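The chain contents come next:
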Amino acid sequence: MLKQGVEPNCFTFSALLKDCPLGHGKLLHGQARFDFDLYVRTGLIDVYARAGDVCSAQQLFVTMPKRSLVSLTAMMTCYAKHGKLDELSDV
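Cut-off values and rules
- Residues numbered from 1 in each chain as written.
- Predicted model: local features only at pLDDT ≥ 70, side-chain atom pairs only at ≥ 80, totals over all residues.
- Heavy atoms only, no water.
- Axes fitted to C-alpha atoms, helices over the stretch in contact; angles between N-to-C directions.
- Helix = DSSP H or I, 4+ residues; strand = E, 2+ residues; numbered from the N terminus.
- Parallel < 35°, antiparallel > 145°, perpendicular 65-115°, else oblique.
- Left-handed = near helix turned anticlockwise from the far one by under 90°.
- Contact = heavy atoms within 4.5 Å.
- Nonpolar A, V, L, I, M, F, W, Y, C, P; charged D, E, K, R; others polar.
- Buried < 20%, exposed > 50% of the residue type's maximum accessible area, 1.4 Å probe, protein only.
- Arc of directions from axis to C-beta.
- Phe/Tyr/Trp six-rings, centres within 6.5 Å; stacked < 30°, edge-to-face > 60°.
- Lys NZ or Arg CZ within 6 Å of the ring centre and 35° of its normal.
- Salt bridge = Lys/Arg side-chain N within 4 Å of Asp/Glu carboxyl O.
- Core = buried A, V, L, I, M, F, W, Y, C linked by side-chain atoms within 4.5 Å.
- Polar contact = N/O pair within 3.5 Å; in protein donor to acceptor, adjacent residues only side chain to side chain.

It is the contact of helix H3 (residues 38-51) with helix H4 (residues 54-62), at a shortest axis distance of 8 Å, that shows an interaxial angle of 160 degrees. In terms of orientation, H3 and H4 fall into the roughly antiparallel class. H4 is crossed by H3, and the crossing has left-handed handedness. Contacts between H3 and H4 pair Arg41, Leu44, Ile45, Tyr48 and Ala49 from the former with Ser56, Ala57, Leu60 and Phe61 from the latter. Class assignment for the residues of the contact of H3 with H4 results in 7 nonpolar, 1 polar and 1 charged.

Below, the structure is given as structure tokens:
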């Protein structure tokens, strides 16, 4: 896209993050000027959570200015899958 002169937007990033492995997710995170967007940030949380990077997922979550049911579920699933049930009270 960038080579063609097309700038990605928050919808582009949200779609790319759905099945993105951690390495690519980190690259997209570095490129995302839309990490303030609720959907992009939730997608990034999911990327980090699926890879087991609970700290990065948590950092994104706690700094969210606004949360949705989807972002809450993503963070709760992250904690549950990675044995951090004691941190569910922080959500």
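After that view of the structure, there is still more to cover.
So, about H4. The α-helix advances 3.6 residues per turn, and as a result positions three or four apart in sequence lie on the same side. Within the sequence span of H4, burial applies to Val54, Ala57, Leu60 and Phe61. Down the axis of H4, the smallest arc covering the buried residues is 130 degrees, so these residues share one side.

With the rule as written, the count across this model stands at 0 aromatic pairs. The ring of phenylalanine 61 has arginine 67 sitting right over it, with the charged end atom 4.1 Å from the ring centre.

Close contact between H3 and helix H5 (residues 69-81) brings their axes to 9 Å; oriented N to C, the two are set at 10 degrees. Considering the angle they form, H3 stands roughly parallel to H5. Here Leu38, Thr42, Ile45 and Ala49 of H3 come into contact with H5, specifically with Val70, Ser71, Ala74, Met75 and Cys78. In terms of residue class, the contact of H3 with H5 is made up of 7 nonpolar, 2 polar and no charged.

Our focus in this paragraph is the pattern of salt bridges. For the structure shown, the criterion picks out 1 salt bridge. For the salt bridge of arginine 50 with aspartate 46, the shortest nitrogen-to-oxygen distance reads 2.9 Å. Placement of both arginine 50 and aspartate 46 in helix H3 is noted, with a separation of 4 residues, approximately one turn of the helix. Here arginine 50 falls in the partly exposed class, since its relative accessible area comes to 40%.

So, about the nonpolar core. In terms of nonpolar packing, the biggest core is built from 17 residues, with Ile45, Ala57, Met75 and Cys78 touching the most fellow members. For this core, the secondary structure elements donating two or more residues are H3, H4 and H5. In this structure alanine 57 touches Ile45, Tyr48, Ala49, Met75 and Cys78, once residues within four positions along its chain are discounted.

Here we take up the environment of aspartate 53. By the element assignment, aspartate 53 lies in the loop between H3 and H4. Note: C-alpha distance between aspartate 53 and cysteine 78 (25 residues apart in sequence) is 8.9 Å. At 2.9 Å, the side chain of aspartate 53 and the side chain of serine 56 are in polar contact.

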